[in-house]
Amino acid sequence: MIVVRTGILLLSLALVLSGCVISRGRIGNPIDEENLRRIEKGVTHRTQVVELLGAPDRINQAPDRDIFQYYYYDAKSPALILLVFNLLTLNAKSDNLYIFLDKQGIVQDIIYGKRTDRVDFSLRPWGS
Amino acid sequence: MTVRFSSLLGTVLLSILILSVLGCAVRRVTFNEPITAEQLRFIRLGETTLQQVVEHLGPPEDITMEADQLIAEFRWSTTRSASLNLGYLFRLISPVSPTFTLSGTGINIEHVQFLCDKRLTVHAYAFGKADEHAIIEFWPF
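The residue count restarts for each chain, going from 1 along the sequence in the order it is written. Here the convention is simple: chains get letters from A, ligands get numbers from 1, in the order in which they are written. Residues qualify for local features only when their pLDDT is at least 70, as the model is predicted, and side-chain atom pairs are given and counted only at 80 or more; totals for whole chains, interfaces and linings, by contrast, use all residues. Side-chain descriptors were evaluated using all non-hydrogen atoms of the structure, hydrogens and water having been removed beforehand.

S.K.: How would you sum up the pattern of salt bridges? Please name residues and give values.
M.R.: Residues and elements named next belong to chain A. We count a salt bridge whenever a side-chain nitrogen from Lys or Arg sits within 4 Å of a carboxyl oxygen from Asp or Glu. Within the structure shown, the criterion is met by 14 salt bridges over all chains. Two residues, Asp74 and Arg24, come together in a salt bridge whose shortest N-O distance is 2.6 Å. Of this pair, Asp74 sits in strand S3 (residues 65-81) while Arg24 sits in strand S1 (residues 20-27); the two residues are 50 residues apart in sequence, bridging distant segments of the chain. The buried label applies to any residue whose accessible area, calculated with a 1.4 Å probe on protein chains only, is under 20% of its type's maximum; exposed applies above 50%, and partly exposed to all values in between. For Asp74, a relative accessible area of 3% gives the class buried. Arg24 sits in the partly exposed class, given a relative accessible area of 43%. If you follow the salt bridges from partner to partner, you end up with Glu33, Asp95 and Lys114 in one network. Each helix corresponds to a stretch of at least 4 residues labelled H or I by DSSP, and each strand to a stretch of at least 2 residues labelled E; elements are numbered beginning at the N terminus.

Listed below in structure tokens is the structure:
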């Protein structure tokens, strides 16, 4: 009896999940928030920034300052691939960190925000 | 007679439903969350800092320097794509189905830019213009 029930359960599960595709993609490395907290405005030097966070993904140079940019992208993509109908969504979000350095290489400002913790696997083609 | 009619009607409706989704594919790609004008009501030009904007909206995708000014750009997008393979109809009568697909894609890339001074105080902001595309656009002509 248990074998039959398990068989029915597995068959039902296989039917329900048939055609389901779940995938995920990432670009870059997640920003290390613990190391980010060690960076102090007016104190930390660019060499320490690089030691803590690695080389920046992009450097924006201006006459009186440099901006180190670090970014990370996360995307989740569920899909339903049926015989006659296909539905696919891909939801991507980004984290960005900007560290402003003066000409002496000292950190002046930090702009950081995180969105990737809100990426979901929702499968809805409508909405904005 | 009534039972037979409703059964026939149900079969016809089900057939229409199945036929209407035959060969259909709907795809949607989103990048970041949309930012609306209502979300920016807290901003006081000349007072609000970029840090406060980031706390409300998340981080900008790009920061560029222009002389003594700085431009922070927030971007988000929605791409919708749909296709209808009319060749699927041949599967009803033939083991081999030709491909004849109508497909449409709408890409909305939207942005809002903030102009800040050296101290990262917001002095102006502006939305880019974008047209909203329909969820499903099969007709490519």
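S.K.: Residue-level account of the interface of chain A and chain B, with values.
M.R.: The partner chain B presents 34 residues to the 37 residues of chain A that form the contact. The term buried area denotes the loss of accessible surface (1.4 Å probe radius) that occurs when two parts are joined, taken as the sum for both partners. Interface area for chain A against chain B, summed over the two sides, is near 3100 Å², with a carbon-plus-sulfur share of 51%. It is Val84(A), Ile111(A) and Arg115(A) in chain A that bury the most area against chain B; as a group they hold 19% of the surface buried on that side. For the pair chain A and chain B, the interface holds 5 salt bridges. Glu33(B) serves as the salt-bridge partner of Arg118(A), at 3.0 Å between the closest nitrogen and oxygen. Side-chain atoms alone can form a polar contact between residues adjacent in sequence; in general such a contact is a pair of N or O atoms within 3.5 Å, and within protein one must be able to donate a hydrogen while the other accepts it. Put simply, chain A and chain B have 26 residue pairs in polar contact (both at pLDDT 80 or more) between them. Secondary structure elements with two or more residues in the side of chain A that touches chain B: strand S2 (58-62), S3, strand S4 (85-102) and strand S5 (107-113) of chain A. The dominant element in the side of chain A that touches chain B, judged by the number of residues it contributes, is S4(A), at 14 residues. Pairs of strands are assigned from DSSP output, requiring at least two bridges between the strands. Here S4(A) runs beside strand S1 (residues 24-31) of chain B; their pairing, made up of 8 bridges, is parallel. Within S1(B), the position partnered with Leu88(A) by the bridge is Arg27(B). Any two residues whose heavy atoms approach within 4.5 Å are treated as being in contact.

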